[in-house]
Amino acid sequence: MKVKHFSKYLFMVAILVSAIALSGCKGDKSDKNTNKAPATDDTSSKEQDHNQASDKDAIYGGSIVVEITQDLDSLDPHKAVAAGTNEVLFNVYEGLVKPNENGDLVSAVASEYQISEDGKMYTFTLRDGVKFHNGDAVTAEDVKYSIERCAGLLEETDPSVKVESALSNVKEVNILDDKTIQLVLDKGDTELLAYLTSAIVPANYDKLDTEPMGTGPFKFVSYAPLESFVVVKNEDYWGDKAYLDQVTFKISANTDSAFMELMAGSIDIFPYLTDDQATQLPDTYNVEVGNMNLVQALFLNNGAEPFNDMKVRQAVSYALDRQGILDMVAGGRGTIIDTNMFSAFKKYYNTDLAGTYNYNVEKAKALLAEAGYGGGLTFTITVPSNYQFHVDTAQIIVEQLKAVGITAKIQLVEWNSWLEDVYKNRNYQATIVGLDSNLAPRDSVERFVSTASNNFINYNNPDFDATFEKAIASTVDEEKVEYYKQLQAYLTNDAASAYIQDPPLLVAVNKKLAGYTFYPVYVQDMAKVYYISE
Amino acid sequence: MRKKNLNFILGAILIGIVLLLVLVGIFYTPYDPNAMNGSIKNTAPSFAHWFGTDNFGRDIFSRVMEGSRTTFFVAIATVAIGTIVGTLVGAFTGYYGGALDSVLMRINDGITSFPSILLTLVIISIFGIGKYNIILALGIVFIPSFARVVRSEYMVQKEMDYVKMAKLMGASDIRILFIHILPNISSMLFSTITIGFNNAVLAEAGMSYLGLGVQPPDASLGRMLSEAQAYLFSAPWYAIAPGVMIVITVLGISLINEER
């Protein structure tokens, strides 16, 4: 009798516990996949000398499964805004130019280009033999249509097409002859090339939403929402053809279940491992380490108490032990940054700023006392709850700030409310996210111009605004670099925010595979991946 | 009779353990529950750290003490809201009946017809995330079940002779409701409260697990479980400690309630 009773309780307890576990699965959304603010599109810069196995043992053929942790927001490359979509579509679409693994822009659909001295005229020569996946050759009309679509110049533009602000500077697109296209700009801009990575699509093709067709090394096969996105090798590709015959991008709802599948061995590549997961990997996988190319920072609202006082912002910057944060959340593998640009953007990154805010509790306390917060300061850090990496960072920062007498509270919010309250309405004190950027240096700093619509930290420095105008207007390279370094110095010296790190990107790759290549932009290039001969 | 006592004793022991941890935790924890130490991340249970340490090198035993306290606080507050409001609603509707009864009970049915997790989520999305909002949300969700139980008791009790006597003696309605009838349904109310408490513990854990309840770095049992799931393979003790605490609490109260 007693035994029977007990089994009843145990059964009940088991059900209750599993009910907690099951109910939990729903809410735990994707992690670490796009540690990105809704910044711009898919590019950024960084040198990544990744060792590739020699080509001689590469074999053609085979298929692999790549796990991604975010569903695609649109199959139309001009409508997709999520970085997690662009990284996949990179395999299907190409622009006039495309980024390579060194962060340079190389010609793709165009074989050559010329930029006029004043930066007002771009002339592209189309490459011979570039075909869409249906076999049609790419014509000047297709290119004109594609660029006009992204620039919002079509007579009837689909309202959901994302118009790049830099491209809205394009006044007209002219077809000079069958193989030559000319872009005329309103104002001179020598950095526009980075925005011409936008996909070239067939003119007036109306199935972009369902059957993507581009010129890339892989052809679209099928897409099942929340399940998978499948591509096969494009045999007619104009450049180096892909090694693999087929790649399946498997979409999983969260990193934990993705990791379970990884443990079970049903996945070949998984790009968003956490540091702890990396240490638990079975030995059939290698862990490749790159950078996420993000600026992770404790962003401070310069327009609200208490961070409208520069001394308080500096105090917070001094109070952060960045190495301590890196060791705790990233296994020491991230890269400390001192300004709003990732250090891998070597040409422009201002290395002189290193050590501006070395960990210094005394100095932080002194600054706080000067600002009138000697008796203590309390503020709230708003963190998007779906990014565990930022949530963890926030917890460490809360502990570190205690040492200087600051009481920070964490408020977790959903991604959508973060976008609404923090990013759009700027109703917050401090937040932690990662900002991405494309290959144009202006993209990293443009948002801090006092009038920028996405200046969510309310940074306001007239000198900065003036220098930014000079920087984008300049057509002399050295001068431009100097201006950009000056802009970063303003941000750091004003302690616009407390900059932390460029987080590491850990990728699990099946040991049978080689060729996984890190890009300084947010893409998964499967054309370079191959099986090693046994 | 013997078996009953055994179950009761067992339940009392389990709850005693939990209560001891909660009460001691108010005044003393072996370590600061939020203090981090990078050199002892994810270490297994040892003499220095009885339940091991988590991914920030925090002492899990200290965090379980703090987390249990948070969870208990939320559960007790939730049940208090449910009991007080539920009893008032149930008493008036059950005793008076009529239009008031119909209206309130239909509202009650309306609330009950939503799955409780869904309803909690809706309320949280209105009030926002946080410890006190979760109490409010769960409290509202708990009201209907109390109201219904209390109402049916009052409907039975109001026909009893002692109520009629009290009326004849000129006692006021309020006096009859709360001085005469309420003590007579206390045993039923008590078991509803204990079941409600168990549900509240689980609901708090579930909500914090979803990231909607207690905010980091503060500990609650559900919050700890949620953080621990990423380390199920490398540091299983992290999930076991808060998990076992929940099981002990719920099991203990169930045993007491069943055999009381």
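How each quantity is defined
Residues numbered from 1 in each chain as written. Chains lettered and ligands numbered in written order. Predicted model: local features only at pLDDT ≥ 70, side-chain atom pairs only at ≥ 80, totals over all residues. Helix = DSSP H or I, 4+ residues; strand = E, 2+ residues; numbered from the N terminus. Buried ≥ 20, exposed ≤ 12 C-beta atoms within 10 Å, placed from the backbone. Contact = placed C-beta atoms within 7 Å. Axes fitted to C-alpha atoms, helices over the stretch in contact; angles between N-to-C directions. Parallel < 35°, antiparallel > 145°, perpendicular 65-115°, else oblique. Left-handed = near helix turned anticlockwise from the far one by under 90°. Nonpolar A, V, L, I, M, F, W, Y, C, P; charged D, E, K, R; others polar. Pairing = 2+ DSSP bridges. UniProt positions renumbered as here; feature names shortened; annotations may be inferred.

## Quick word on the overall build of chain B
- Looking only at helices and strands, one finds 10 helices and 0 strands in chain B.
- Along its sequence from the N terminus, chain B presents helices and strands in the succession α-α-α-α-α-α-α-α-α-α.
- Dimensions of chain B, computed from C-alpha atoms along their principal axes, come out at roughly 75 × 50 × 30 Å.

## Some words on the overall build of chain A
- Along chain A, the regular secondary structure elements total 13 helices and 22 strands.
- Looking at chain A residue by residue over its 534 residues, the buried ones come to 50%.
- Taking contacts inside chain A between residues at least 6 apart in sequence as the whole, the part at least 24 apart equals 73%.

## A closer look at the environment of Gly188 of chain A
Residues and elements named next belong to chain A.
- With respect to the element layout, Gly188 can be found in the loop between strand 8 (180-185) and strand 9 (218-224).
- Along the sequence, Gly188 and Ser116 sit 72 residues apart, while their C-alpha atoms lie 9.1 Å from each other.
- Sequence-distant contacts of Gly188, defined by excluding residues within four places in its chain, comprise Asp118, Gly119, Lys120, Ala473 and Thr475.

## Section: the packing of helix 6 (residues 310-319) of chain A against helix 8 (residues 361-370) of chain A
Residues and elements named next belong to chain A.
- At a closest axis distance of 8 Å, the pairing of helix 6 and helix 8 adopts a crossing angle of 165°. Compared by their axis directions, helix 6 and helix 8 come out roughly antiparallel. As for the relative orientation of helix 6 and helix 8, their crossing is left-handed in sense. The residues of helix 8 that touch helix 6, namely those facing Lys311, Val312, Gln314, Ala315, Tyr318 and Ala319, are Val361, Lys363, Ala364, Leu367, Leu368 and Glu370.
- Taken together, the residues that form the contact of helix 6 with helix 8 break down as 8 nonpolar, 1 polar and 3 charged.

## Examining the sheet that holds strand 16 (residues 377-384) of chain A
Residues and elements named next belong to chain A.
- One open sheet holds the 6 strands; their spatial order is 15-19-14-18-16-17, and the pairing between them is mixed. Only two strands of the sheet have a single neighbouring strand rather than two, namely strand 15 (335-336) and strand 17 (406-413).
- Across 2 bridges, strand 16 lies against strand 18 (residues 430-435) in parallel orientation. Within the sheet, the bridge partner assigned to Thr382 lies in strand 18 and is Thr431.
- Seen against the sheet, helix 7 (residues 322-330) touches strand 15 and strand 19 (497-502) and runs at an angle of roughly 45° to strand 19.
- Sitting on the sheet, helix 9 (residues 388-402) touches strand 14 (295-300), strand 16, strand 17, strand 18 and strand 19, and the angle it makes with strand 17 is about 165°.

## Here we look at the interface of chain B and chain A
- On the side of chain A, 28 residues touch chain B, which itself brings 28 residues to the contact.
- Taken together, the elements giving at least two residues each to the side of chain B that touches chain A come down to helix 8 (186-209) and helix 10 (236-259) of chain B.
- For the side of chain B that touches chain A, the element with the most residues is helix 10 of chain B, which contributes 5 residues.
- Residues of the side of chain B that touches chain A, tallied by class, amount to 16 nonpolar, 11 polar and 1 charged.

## Structural notes on the sheet that holds strand 8 of chain A
All names here are of chain A.
- With antiparallel pairing, the 4 strands of this open sheet are ordered in space as 5-6-8-7. In this open sheet, the two edge strands, each paired with only one partner strand, are strand 5 (110-115) and strand 7 (170-177). Between one strand axis and the next, the sheet turns through 20° on average, direction left out of account.
- Where strand 6 (residues 121-126) and strand 8 come together, 5 bridges link them in antiparallel fashion. For Tyr122, the partnering residue across the bridge sits in strand 8 and is Leu183.
- Contacts from helix 3 (residues 140-151) reach strand 6, strand 7 and strand 8 within the one sheet, and its direction differs from that of strand 7 by about 180°.

## Structural notes on the UniProt feature "transmembrane region" (unreviewed entry) in chain B
Residue and element names in this part refer to chain B.
- The feature "transmembrane region" (unreviewed entry), as annotated in UniProt, sits at residues 7-28, 72-98, 110-129, 135-156, 177-197 and 235-256 in this numbering.
- As a span, residues 135-156 carries 100% helix and 0% strand, and end to end its C-alpha atoms are 32 Å apart.
- Secondary structure across residues 177-197 divides into 95% helix and 0% strand, with the first and last C-alpha atoms of the span separated by 25 Å.

## Let's talk about the pairing of strand 6 of chain A
Residues and elements named next belong to chain A.
- Every second residue of strand 6 is oriented toward a common face, the buried set being Tyr122, Phe124 and Leu126 and the non-buried set Met121, Thr123 and Thr125.
- In the sheet, strand 5 pairs with strand 6 via 5 bridges, with the strands oriented antiparallel. In the strand pairing of strand 6, Tyr113 is matched with Phe124.

## Notes on the packing of helix 6 (residues 161-168) of chain B against helix 7 (residues 173-184) of chain B
Residue and element names in this part refer to chain B.
- Taken N-terminus to C-terminus, the directions of helix 6 and helix 7 make an angle of 140°; their axes are 11 Å apart at the nearest point. For the element pair helix 6 / helix 7, the angle class is oblique. Considering how the two elements wind past one another, helix 6 and helix 7 form a crossing that is right-handed. Side by side, helix 6 and helix 7 meet where Tyr162, Val163, Ala166 and Lys167 of the first sit next to Ile176, His180 and Ile181 of the second.
- A class-by-class count of the residues in the contact of helix 6 with helix 7 yields 5 nonpolar, 1 polar and 1 charged.

## Brief notes about helix 6 of chain A
Residue and element names in this part refer to chain A.
- Within helix 6, 8 of the 10 residues are buried, which leaves the element mostly enclosed by the surrounding structure.
- Buried within helix 6 are the following residues: Val312, Arg313, Gln314, Ala315, Val316, Ser317, Tyr318 and Ala319.
- Next to the buried residues of helix 6 lie strand 14, helix 8, helix 9, strand 17 and strand 19.

## Focus: the environment of Glu155 of chain A
All names here are of chain A.
- As for its placement among the helices and strands, Glu155 is situated in the loop between helix 3 and strand 7.
- Exposure remark for Glu155: the 5 C-beta atoms within 10 Å place this residue in the exposed category.
- Sequence separation between Glu155 and Leu513 is 358 residues, and the spatial gap between their C-alpha atoms is 47 Å.

## Some details on unusual backbone geometry
Residue and element names in this part refer to chain A.
- In this chain, Glu305 is followed by Pro306 through a cis amide linkage whose omega measures -10°.
- Following the sequence through the fold, Pro306 ends up in the loop between strand 14 and helix 6.
- One non-glycine residue, Ala495, lies in the positive phi region at around 50°.

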